[in-house]
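Coordinates in review
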Amino acid sequence: MGGFSFKNFTFLLIVVILVWCSNIEISNARRVGKHWRQRRSHFASLSKKKGKNHAGNHHNGGGKSKQKTPQLPPQLPPSPAPPTMPPKKGRDTPAPASSTVFNVLDFGAKGDGRTDDTKAFQDTWTDACKVEASTVDVPSEYVFLVGPISFSGPYCQHNIVFQLDGTIIAPKGSKQWGSGLLQWLQFTKLVGLTIQGSGTIDGNGEVWWQDSSYDDPLDDESKLIVPLNSTLPPNLPVPLRGSLGGNMPRLKPTALRFYGSFNVTVTGINIQNSPQCHLKFDNCVGVLVYDFSVSSPGDSPNTDGIHLQNSKDVFIRSSNLACGDDCISIQTGCTNVYIHNVNCGPGHGISIGGLGKDNTKACVSNITVRDIVMHNTTNGVRIKTWQGGSGSVQGVLFSNIQVSEVKLPIVIDQYYCDKRICTNQTASVAVSGINYENIRGTYTVKPVHFACSDSMPCTDVTLTNIKLQPLQERYHMYAPYCWQTFGELYTPTIPPIQCLQIGKPSNNKIHGDSDIC
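Since this is a predicted model, take the numbers as computed values, not measurements.

What counts and how
Residues numbered from 1 in each chain as written. Predicted model: local features only at pLDDT ≥ 70, side-chain atom pairs only at ≥ 80, totals over all residues. Heavy atoms only, no water. Helix = DSSP H or I, 4+ residues; strand = E, 2+ residues; numbered from the N terminus. Buried < 20%, exposed > 50% of the residue type's maximum accessible area, 1.4 Å probe, protein only. Contact = heavy atoms within 4.5 Å. Areas by Shrake-Rupley, 256 points an atom, 1.4 Å probe, with all protein chains shown as cover. Salt bridge = Lys/Arg side-chain N within 4 Å of Asp/Glu carboxyl O. Arc of directions from axis to C-beta. Pairing = 2+ DSSP bridges. Axes fitted to C-alpha atoms, helices over the stretch in contact; angles between N-to-C directions. 1 Å grid on protein atoms, 1.4 Å probe; cavity = no way out; pocket = protein on both sides within 12 Å on 5 of 7 lines; lining within 4 Å. Points joined across faces, edges and corners; volume = space filled by probe spheres on them. Phe/Tyr/Trp six-rings, centres within 6.5 Å; stacked < 30°, edge-to-face > 60°. Lys NZ or Arg CZ within 6 Å of the ring centre and 35° of its normal. Disulfide = S-S within 2.5 Å.

**A closer look at the overall build of the chain**
Secondary structure summary: the chain contains three helices and 31 strands in total. Per-residue burial over the chain gives 44% buried out of 517 residues. Pairs at least 24 apart in sequence give 78% of the contacts found in the chain among residues at least 6 apart. Approximately 26500 Å² of the chain is accessible, and the part contributed by carbon and sulfur atoms is 55%.

Structure follows, in structure tokens:
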């Protein structure tokens, strides 16, 4: 111990103190580090949970791929996205499936045949118009009295179905019609509309026909029909007065009219006793009519079955048309019309025209009429134009037409006039490329009547397999007649049609700008 000095003892004591302090710092550091790792793990776990809960609040969050969350210092969770608001209801929002059928009874219609249901129909349409592929339901076993009404677009949704299984009748009194209207039930500027069902539209036309005006147009071909026991029939009818209505407006409405619409279908329904035309398509593209019927008396004035004007891509098939005027009337502006498997009669046949009235321009092209049965009609297949018109009729096929007791089965008349006197004029609608094939049956006045213009002869008129037998009834009968008609006979005809001039006219008028369509 002698060598152990106080200096050495002091040094040793300092070393011991330093070692002891070092152990305390290491121990504290370990505790602090452990606590930091626990906090970092806790915040990371919290961040994951909040992130997961936030993603669950998004409609499409489930489609994102999962990623491993990096071990980072704690951060504030991201701000939540604003809540998604439900869409506002309106015309662009389709209704649920249970709300796509709109029954007129639910909108106040009575269907008793006496109460005016016009407003109920209008209210039904207003709601159905907002829903794509909706259905307006007019149920069976009810009779709905409906006044003049327009089911209008163009802001309606597409592909609406008008399900007509009941009966709609027109008012018989004059009050609802004012000074006169052009249509009773009208659908305008719609896309994909379908009218279907087993129901009936009844125009109560008797009250209008009994008040027929002296100025009502007549069928010009009546002048060719002379009874055996008399001369020409009176040119003007005597209007009858009855107790059904009386004093109806002179302007008579069409029962059902479509205007400015695309892809329209009419099927299954019946229209009867229209005051004037039964079904009209005006400025329409894409028309389909099938399994449709018209029924009105043969002497009801000016009651065309189906009337086409300024419409194209039209297909009419499998229908029965009985009326007092043309079963089907094709007017100016029509092209790509196909008529197939139609029964016509009574009526005035299937006609193109009259065209060119009041010196107007008329254009009709690409018309096919085939597989038609006509019984007891005034005309069979006919083209009629007014003097003074311009434009053209071209590309027409009449094929497989069966006629029975038809007065005038084949007619082209470029001198058409539906009043007492018409002024002679030089200009005319050009008629060319008219083909008749497989037209057979019986006639009671004249088999063929071709009356073409001196200044604009009919050209490229062809006849194939024409077999028409006379059937003596109560009219004077005549041989085939042709005037300024040029074309070809591809087979012998019965009776012989020797008046058709073969080839083309030597002085055929050169078409001017007014004739080009």
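**So, the pattern of salt bridges**
One pass over the structure, following the stated rule, counts seven salt bridges. A salt bridge links Lys119 to Asp123; the shortest N-O distance between them is 2.7 Å. Here Asp123 and Lys119 lie together in helix α2 (residues 118-128), a separation of four residues that amounts to about one turn. Residue Asp326 is joined to Arg382 by a salt bridge in which the shortest nitrogen-to-oxygen separation is 3.0 Å. Placement of the pair is Asp326 in the loop between β18 (312-322) and β19 (328-330) and Arg382 in strand β23 (residues 379-385), with a sequence separation of 56 residues. Considered together, Asp326 and Arg382 belong to a single accessibility category, that of buried residues. Put simply, Asp326, Arg382 and Lys384 are held in one network by salt bridges that share partners.

**Looking at α2**
Burial in α2 covers these residues: Thr118, Ala120, Phe121, Thr124, Trp125 and Ala128. Around the axis of α2, the buried residues are gathered within 165 degrees of arc, so they sit on the same side.

**Re the sheet that holds strand β29 (residues 481-483)**
Spatially, 11 strands are ordered β5-β8-β11-β14-β17-β19-β21-β23-β25-β27-β29 in an open sheet, and the strand pairing comes out parallel. Of all strands in the sheet, those with a lone pairing partner are β5 (149-152) and β29, marking the two edges. Neighbouring strand axes in the sheet, compared pairwise and without regard to direction, differ in orientation by 15 degrees on average. Bridge count between strand β17 (residues 306-309) and β19: three bridges; the pairing is parallel.

**Topic: unusual backbone geometry**
Of the consecutive residues Gly345 and Pro346, the connecting peptide bond is found in the cis state with omega at 0 degrees. Mapped onto the elements, Pro346 comes out in the loop between β20 (334-344) and β21 (350-355). Cis geometry is adopted by the peptide bond preceding Pro495, which originates at Ile494 and carries an omega value of -5 degrees. The topology assignment puts Pro495 in the loop between β30 (485-489) and β31 (501-502). One non-glycine residue, Asn273, lies in the positive phi region at around 55 degrees. Looking at where Asn273 falls in the secondary structure, it is placed in the loop between β13 (270-272) and β14 (279-282). We note that Gln484 has phi near 55 degrees; this positive angle belongs to a residue other than glycine. You can see Gln484 is positioned in the loop between β29 and β30.

**So, empty space enclosed by the protein**
Counting across every chain of the model gives one cavity of 30 Å³ or more. The volume enclosed by the largest cavity comes to roughly 50 Å³. Breaking the lining of the largest cavity down by element, the ones donating at least two residues are β6 (161-164) and β8 (183-188).

**Observations regarding the packing of aromatic side chains**
This model, assessed by the stated rule, comprises 15 aromatic pairs. Aromatic pair Trp386 and Tyr416: ring centres 5.7 Å apart, planes at 80 degrees, arrangement edge-to-face. Of this pair, Trp386 sits in the loop between β23 and β24 (390-406) while Tyr416 is found in the loop between β25 (408-413) and β26 (430-443), placing the two residues 30 residues apart along the sequence. For the pair Trp386 and Tyr416, one class covers both residues: buried. Every member of this aromatic cluster is reached through a ring pair, and the members are Trp125, Phe151, Phe162, Phe187, Phe258 and Phe281. One Lys or Arg, Lys446, reaches over the ring of Tyr478 and ends 5.6 Å from the middle of that ring.

**Topic: the pairing of β30**
The sheet contact formed by strand β28 (residues 458-470) and β30 spans four bridges and is parallel. Bridged to Leu463 within β30 is Leu489. Where β30 meets β31, two bridges bridge the pair, whose relative direction is parallel. Counted as the bridge partner of Phe486 is Gln501 from β31.

**Notes on the state of the cysteines**
Inspection of the entire model under this criterion finds six disulfides. Two residues share a disulfide in this structure: Cys452 and Cys458, whose sulfurs sit 2.0 Å from each other. Every disulfide takes its handedness from the sign of the S-S torsion; for Cys452 and Cys458 that torsion is -100 degrees, giving left-handed. We note that Cys452, like Cys458, is buried. The thiol of Cys284 is not disulfide-bonded; the next cysteine sulfur, from Cys334, is found 10.0 Å away. Among the residues examined, Cys284 registers a relative accessible area of 1% and is labelled buried.

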